[in-house]
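Spelled out from the first residue to the last, the chains are:
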Amino acid sequence: MIMIDGKQTSQTIRNEIKVAVEKLKKEGKQIPGLAFILVGNNPASVSYVTGKGKACEEVGFYSVTERLPAETSETDVLALVQKFNNDSAIHGILVQLPLPKHIDEQKVIEAINPKKDVDGFHPINVGKMMIGLETFYSCTPFGIVELLKRYNINPSGKHVVVVGRSNIVGKPVANMLLQKKEWANAVVTVAHTGAKDISYYTKQADILIAAVGKPNAITADMIKEGAVIIDVGINRIDDVTKKTGFRLVGDVDFENVKEKSSAITPVPGGVGPMTIAMLLVNTLKAAENSNQ
Ligand code: BQF
């Protein structure tokens, strides 16, 4: 069984980006700039934005974080997006989701200039991805594709089963792996809560992508011997032995599933760190595009 090390792979990518930023600097070009908009105090969101900000700093990006109170109006958030759309030092805009309920997330996403949409959530970019055009791929699906690439796991001709149909993971990763491209070309099934028996589908997977949002949703009896398991779940479980009071677990019953798999991503340290690395890749690309 191969342990797919997302933490190490993301560090490799971060080092590559650092080199690219140094090159931009040497050539007298503008360094990539990323703006974060964080509304409210959701602890997971605060920690994600902190982690992304640190990653920017490490690779030499310019970044700004606008932290707004939970009561901020939709109008004010839209105005801030507009400000960053018009700021030439900012190449990427990341609005941390979820937003408070009184703000229409879709409206905010659509306010972002698609050329600065480094999360790849704007309908224009989602549409481009779906028809195989060059665009910003959303960071988690992109991270999964990049992990498979760097571990020489070629999805071409394989049966990929995605469990989960969210707009941020399930739907885009299924669409990406479906593309007629050398790094994709898989036969893709998307299973979800509407299925009578999820295991009927998961047992047929050569590559199983779990994006369910529930601990232990995927157990050993649900997978084929030798399958590749990509665990996208990030679930917080109470744990009094940790100083944070919680630990992270994925959607997969890791200890039992790993024995039966040929390769598996751990949580933490699997897909999560790759999400951050690909945000940096997208932001670098946004900056390079603006230099052209
Ligand atoms: C790790 C996210 C759900 C909803 C909104 C490293 C992250 C997570 C785990 C991280 C996520 C999940 C992010 C690990 C960003 C991934 O070591 O396993 C990094 O920061 N993520 C987010 O910004 O919004 C989310 C999940």
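Criteria and thresholds
- Residue positions within a chain follow its written sequence, with the count starting from 1.
- Predicted model: local features are reported for residues with pLDDT of at least 70 only, side-chain atom pairs are reported and counted for 80 or more only, and whole-chain, interface and lining totals are derived from all residues.
- Only heavy atoms go into the side-chain values, all of them from the structure, while hydrogens and water stay out.
- Whether a residue is near a molecule or strand depends on its heavy atoms: it is near if one of them lies within 4 Å of it.
- Side-chain atoms alone can form a polar contact between residues adjacent in sequence; in general such a contact is a pair of N or O atoms within 3.5 Å, and within protein one must be able to donate a hydrogen while the other accepts it.
- The Shrake-Rupley method, run with a 1.4 Å probe, gives the accessible areas here. Residue values count only the displayed protein chains as cover.
- Labels follow the DSSP assignment, with helices taken as runs of H or I lasting at least four residues and strands as runs of E lasting at least two, numbered in each case from the N terminus.
- Polar here means any residue outside two lists: the nonpolar Ala, Val, Leu, Ile, Met, Phe, Trp, Tyr, Cys and Pro, and the charged Asp, Glu, Lys and Arg; Gly therefore counts as polar.
- Strand pairing is assigned whenever DSSP detects at least two bridges linking the two strands.
- Axis lines are fitted to C-alpha atoms, over the contacting stretch for helices. Their N-to-C directions set the angle, which ranges from 0 to 180 degrees.
- The set of buried Ala, Val, Leu, Ile, Met, Phe, Trp, Tyr and Cys residues whose side-chain atoms join them within 4.5 Å is what this entry labels a nonpolar core.
- The buried label applies to any residue whose accessible area, calculated with a 1.4 Å probe on protein chains only, is under 20% of its type's maximum; exposed applies above 50%, and partly exposed to all values in between.
- Contacts between residues were defined by any pair of non-hydrogen atoms, one from each residue, lying within 4.5 Å.
- Ring pairs are drawn from Phe, Tyr and Trp, using the six-membered ring of Trp, whenever the two centres fall within 6.5 Å, and their geometry is named by plane angle: stacked under 30 degrees, edge-to-face over 60, tilted for the rest.
- The rule is short: NZ of Lys or CZ of Arg within 6 Å of the ring centre and within 35 degrees of the ring normal puts a charge over the ring.

A. How the structure looks around the site of the ligand. Around the ligand, a shell composed of Tyr48, Lys52, Gln96, Ile234, Pro268, Gly269, Gly272, Pro273 and Ile276 is seen. The separation between an oxygen atom of the ligand and a polar side-chain atom of lysine 52 is 2.6 Å. Backbone polar atom of glycine 269 to an oxygen atom of the ligand: 2.9 Å apart, as the coordinates give it. Contact with the protein chains removes 72% of the 530 Å² of surface that the ligand exposes when unbound. Those elements giving two or more residues to the shell around the ligand turn out to be α2 (43–59) and α10 (271–291). With three residues, α10 is the single largest residue contributor to the shell around the ligand. Counted by class, the shell around the ligand contains five nonpolar, three polar and one charged residues.

B. View of the sheet that holds strand β4 (residues 92–95). As summarised here, the arrangement of the three strands in space is β3-β2-β4, forming an open sheet in which the pairing is parallel. With one partner strand each, in any of the chains shown, β3 (62–68) and β4 form the two edges of the open sheet. Ignoring strand direction, the axes of neighbouring strands in this sheet form an average angle of 15°. When strand β2 (residues 33–39) meets β3, the two strands line up parallel, connected through seven bridges. Residue alanine 35 lies in a different strand from β3, and its bridge partner there is valine 64.

C. Layout of the nonpolar core. Counting 52 residues, the largest nonpolar core has Leu177, Ile209 and Ile230 as the members making the most contacts within it. Sort the elements by how many residues they give to this core and α10 lands first, with nine residues. The residues contacting leucine 177, other than those within four sequence positions of it, are Val145, Leu148, Pro155, Val160, Trp183, Ala184, Asn185, Ala186, Val188 and Ile209.

D. Quick peek at the environment of isoleucine 223. Along the chain, isoleucine 223 turns up in the loop between β7 (207–210) and β8 (228–231). Along the chain, isoleucine 223 and phenylalanine 254 lie 31 residues apart, while their C-alpha atoms are 12 Å from each other. Contact partners of isoleucine 223, with chain neighbours within four places excluded, come to Thr202, Leu208, Ile218, Ile229, Val257, Lys260 and Ser261.

E. Structural context of the side chain of histidine 91. In this structure, histidine 91 sits in the loop between α3 (74–85) and β4. Among the polar contacts made by the side chain of histidine 91, one reaches the side chain of serine 290 at a distance of 3.5 Å.

F. Geometry of the packing of aromatic side chains. Evaluation of the coordinates by the stated rule reveals three aromatic pairs. Here tyrosine 137 and tryptophan 183 contribute two aromatic rings whose centre-to-centre distance is 6.0 Å and whose plane-to-plane angle is 70°, an arrangement assigned as edge-to-face. Of this pair, tyrosine 137 sits in the loop between α5 (123–130) and α6 (139–150) while tryptophan 183 sits in the loop between α7 (170–178) and β6 (187–191), and the two are 46 residues apart along the sequence. Like tryptophan 183, tyrosine 137 is buried. Ring plane angle 90° and centroid distance 5.0 Å describe the contact between tyrosine 200 and tyrosine 201, whose orientation is recorded as edge-to-face. In this structure, arginine 236 packs its charged tip against the face of phenylalanine 246, placed 3.9 Å from the ring centre.

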